[in-house]
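Breakdown of the fold
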Amino acid sequence: MAEKFKKILIANRGEIALRIIRTCREMGIKTVAVYSTADRESLHVRFADEAVCIGPPSSAESYLSIPKIMAAVEITNADAVHPGYGFLSENADFAEVCSEYGIKFIGPTPEMIRRMGDKVTAKETMIKAKVPVVPGSDGLLKSMEEGKKLAKEVVGYPVMLKATAGGGGKGMRIVTKEEEFEGAWNSARTEAKAAFGNDGMYMEKYVEEPRHIEFQIIGDQYGKVIHLSERDCSVQRRHQKLLEECPSPFMTEELRKEMGDAAVRAGEYINYEGVGTVEFLVDKHRKFYFMEMNTRIQVEHPVTEEVIDHDLIKEQIKVAYGEPVEGDSYFPTGHAMECRINAEDPLHDFRPSPGRIQSFHSSKGHGVRVDTHVYAGYGIPPYYDSMIAKLICRAPTREECITKMERALDEFIIEGVKTTVPFHQWLLKQEDFRNGHFDTGWLAKQDIMDKEKNKG
Ligand code: MV4
């Protein structure tokens, strides 16, 4: 039998740090919180068994600093590090340093992180694993001329130029005709160089009106991989997800089997260890294509927890200390939905609204879950992301889940800062949303919260 960890250092903040502490408590594992001086009053600092201040507010000098985190590991004698999401969670160098120190990085190996972090390598890997990919260039484009020729003679416009170091929309351009190619090529490369220090580009056929449907997978250290069903994350704004759900309203049983098999093949091919997400684009004919693989726990993991009734962080920690994954893939029971409550003003371009929360009453009741680190009197620091809570509802059907979510949003009280609660109330009323008629471009075409109509 594998021996569990004694003490886990959580290299993160906010709700995910708390979320991990809760599971560790239930598993009898001690926890170490790290925090910047901006997070002294955070609950993760209070709820952990120990806490170490690792620097000033700036992420670069605290949550992103490998030396600071490793110093905290050393002085607290932690035997594992949980990176959460964001920050160092997909940093292969960090995973490597952990292993050099004899500390278990709770996640896949540095090699797997690197392989999936480079999008051209990830795509080549998927082709070998017989996972469908979007047709396009074989690997990196060697020059603009090569790209132009390929777009015109082989791929066909519209095409998409993507940065191999990219992800989440950076360094990405749609090109609809040859005259636009040069401008798009230059600006995408400049953007990629500035953001990643790598301007390698590849090309794909542009998939119109795609859905973003991702599969949760988990793999153990012995080569076994299963999937835990999908999440539909098509409701996005500028690559920021706002609502996620399972099942996808677009899913059929047959498609779930096919996509689930593909996600498992992807994981098996690389002997994936840990929890991961295989992201797909799905076109209107229900053809699906590999998009990216995320080698970390994701923000929206509670949606999956609710429909398969398992604690994903617990499963993630178990495979990290060597427990085998048992049984078959999971298919969802009922419906779950997550609304991301951000301290942003949805009426003013979702501009951040940090500040002190004056009063806070979170939604409660059957089928309602709130994952949050905030409370009345908490000051939201301006240095990090603006997510302050995740409101998760579950019910037997999508209709009942929407009804419950509307009720839960109505009773959520957050005073002192602007939030995305009114946006979600508007979204849930939209006919297209209720009918499941939306893709990743849908939100951008709406007058959000009927702003235009209300102007006059
Ligand atoms: C695409 C695409 C259409 N065709 N690739 C956006 C994030 C990046 N990781 C990949 N993305 C896309 N790739 C092809 N060949 C459309 C998108 C896309 C998108 C994907 C998922 C969720 C939201 C999106 C919003 C705009 C564009």
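Being a predicted model, the structure only gives us computed values, none of them experimental.

Moving on to the packing of aromatic side chains. Considering all chains together, one arrives at 15 aromatic pairs under this definition. Note on phenylalanine 87 and tyrosine 384: the rings are 6.5 Å apart at their centroids and 70° apart in plane angle, and the pair reads as edge-to-face. Taken together, the positions of phenylalanine 87 in the loop between β4 (80–82) and α4 (92–100) and tyrosine 384 in the loop between β20 (379–380) and β21 (387–395) put the pair 297 residues apart, joining distant regions of the chain. A relative accessible area of 27% means that phenylalanine 87 is categorised as partly exposed. Taken together, the ring pairs connect Tyr63, Phe87, Tyr383 and Tyr384 into an aromatic cluster. Lying over the aromatic face of phenylalanine 250, arginine 286 brings its terminal NZ or CZ to 4.2 Å of the ring centre. Above the plane of the ring of phenylalanine 433 lies arginine 398, whose end atom (NZ or CZ) is 4.6 Å from the centre.

Okay, the sheet that holds strand β9 (residues 211–219) next. Taken in spatial order, the 8 strands line up as β13-β12-β9-β10-β11-β14-β21-β19 in an open sheet, and their pairing is antiparallel. Among the strands making up the open sheet, the edge pair consists of β13 (288–294) and β19 (368–372). The average undirected angle you get between the axes of adjacent strands in this sheet is 25°. Pairing of β9 with strand β12 (residues 274–282) involves 9 bridges; the strand directions are antiparallel. If you follow glutamate 214 over to β12, its bridge partner there is glutamate 279. Where helix α1 (residues 14–27) meets the sheet, it contacts β19 and β21, and its direction lies at approximately 110° from that of β19.

By the assigned domains, the protein chain splits into domain 1 (7–106), domain 2 (135–205) and domain 3 (211–455). On a C-alpha basis, the centres of domain 1 and domain 3 stand 24 Å from each other. The contact between domain 1 and domain 3 buries some 2500 Å² in all, and 57% of this surface belongs to carbon and sulfur atoms. One salt bridge in this structure joins glutamate 15 and lysine 390, with 2.8 Å as the shortest N-O distance.

Looking now at the pairing of strand β7 (residues 170–175). Here strand β6 (residues 159–167) pairs with β7 via 5 bridges, running antiparallel. Looking across to β7, one finds that leucine 161 is bridged to arginine 173. The loop that links β6 with its antiparallel partner β7 comprises 2 residues; one of these, glycine 168, has a positive phi angle of about 65°.

Let's shift gears to the site of the ligand. Neighbouring residues of the ligand: 17 residues in total, closest Lys162, Glu204, Lys205, Val207 and Glu292. Here a nitrogen atom of the ligand sits 2.8 Å away from a polar atom, N or O, in the main chain of lysine 205. Relative to its free-state accessible area of 530 Å², the ligand is covered by the protein chains to the extent of 90%. Looking at the shell around the ligand residue by residue, the class counts come to 7 nonpolar, 6 polar and 4 charged. Here the shell around the ligand spans two domains, since at least three of its residues come from each of domain 2 (135–205) and domain 3 (211–455).

What follows concerns the environment of glycine 416. Mapping glycine 416 onto the fold places it in the loop between β22 (413–415) and α13 (421–429). Separated by 220 residues in the primary sequence, glycine 416 and phenylalanine 196 have C-alpha atoms spaced 36 Å apart. Not counting chain neighbours up to four residues away, the residues in contact with glycine 416 comprise Arg356 and Gln358.

The next subject is the sheet that holds β6. Read from one edge to the other, the open sheet built from 3 strands follows the order β7-β6-β8, with strand pairing classed as antiparallel. The open sheet has two edge strands with one neighbour each: β7 and β8 (201–205). Averaged over all pairs of adjacent strands, the angle between strand axes in this sheet comes to 25°, irrespective of strand direction. Relative to β8, β6 runs antiparallel, the two being bridged by 5 bridges. Across the sheet, lysine 162 pairs through a bridge with tyrosine 202, a residue of β8. Relative to the sheet, helix α7 (residues 144–155) contacts β6 and β8, its axis offset from that of β8 by approximately 15°. Together, β6, β7 and β8 form the strand contacts of helix α8 (residues 181–196), whose direction differs from that of β7 by roughly 170°.

Counting across every chain of the model gives 36 salt bridges. A salt bridge links glutamate 3 to lysine 6; the shortest N-O distance between them is 3.5 Å. Each member of the pair, glutamate 3 as well as lysine 6, is classed as exposed. One salt bridge connects arginine 238 with aspartate 349, and the closest N-O pair in it is separated by 3.6 Å. Of the two residues, arginine 238 sits in the loop between β10 (225–237) and β11 (240–246) while aspartate 349 sits in the loop between β15 (344–345) and β16 (351–352), which places them 111 residues apart along the sequence. Its relative accessible area of 60% is what places arginine 238 among the exposed residues. The structure contains a network of salt bridges with shared partners spanning Glu214, Arg231, Lys241, Glu244, Glu300, Glu338 and Arg340.

Moving on: unusual backbone geometry. A cis amide bond links tyrosine 157 to the next residue, proline 158, at an omega of 0°. Positive phi, normally seen in glycine, also occurs at asparagine 77, with a value near 65°. Inspection of the secondary structure puts asparagine 77 in the loop between α3 (66–76) and β4.

The next subject is the nonpolar core. Within the largest apolar cluster, 39 residues are counted, with the highest numbers of intra-cluster contacts made by Ile341, Leu391, Phe423, Leu427 and Phe433. Broken down by secondary-structure element, the contributors of at least two residues to this core are β11, β14 (335–342), β19, β21, α12 (398–410) and α13. In this view, phenylalanine 423 contacts Leu242, Pro346, Phe350, Leu443, Ile448 and Met449; residues no more than four positions away in its chain are not counted. If you look at the next biggest cluster of nonpolar residues, it comprises 34 residues, including Met27, Ala33, Ile297 and Val325.

The rules behind these values
Residues numbered from 1 in each chain as written. Predicted model: local features only at pLDDT ≥ 70, side-chain atom pairs only at ≥ 80, totals over all residues. Heavy atoms only, no water. Phe/Tyr/Trp six-rings, centres within 6.5 Å; stacked < 30°, edge-to-face > 60°. Helix = DSSP H or I, 4+ residues; strand = E, 2+ residues; numbered from the N terminus. Buried < 20%, exposed > 50% of the residue type's maximum accessible area, 1.4 Å probe, protein only. Lys NZ or Arg CZ within 6 Å of the ring centre and 35° of its normal. Pairing = 2+ DSSP bridges. Axes fitted to C-alpha atoms, helices over the stretch in contact; angles between N-to-C directions. Contact = heavy atoms within 4.5 Å. Domains from an automatic or database assignment. Buried area = accessible area lost by both parts, 1.4 Å probe. Salt bridge = Lys/Arg side-chain N within 4 Å of Asp/Glu carboxyl O. Near = heavy atom within 4 Å. Polar contact = N/O pair within 3.5 Å; in protein donor to acceptor, adjacent residues only side chain to side chain. Areas by Shrake-Rupley, 256 points an atom, 1.4 Å probe, with all protein chains shown as cover. Nonpolar A, V, L, I, M, F, W, Y, C, P; charged D, E, K, R; others polar. Core = buried A, V, L, I, M, F, W, Y, C linked by side-chain atoms within 4.5 Å.

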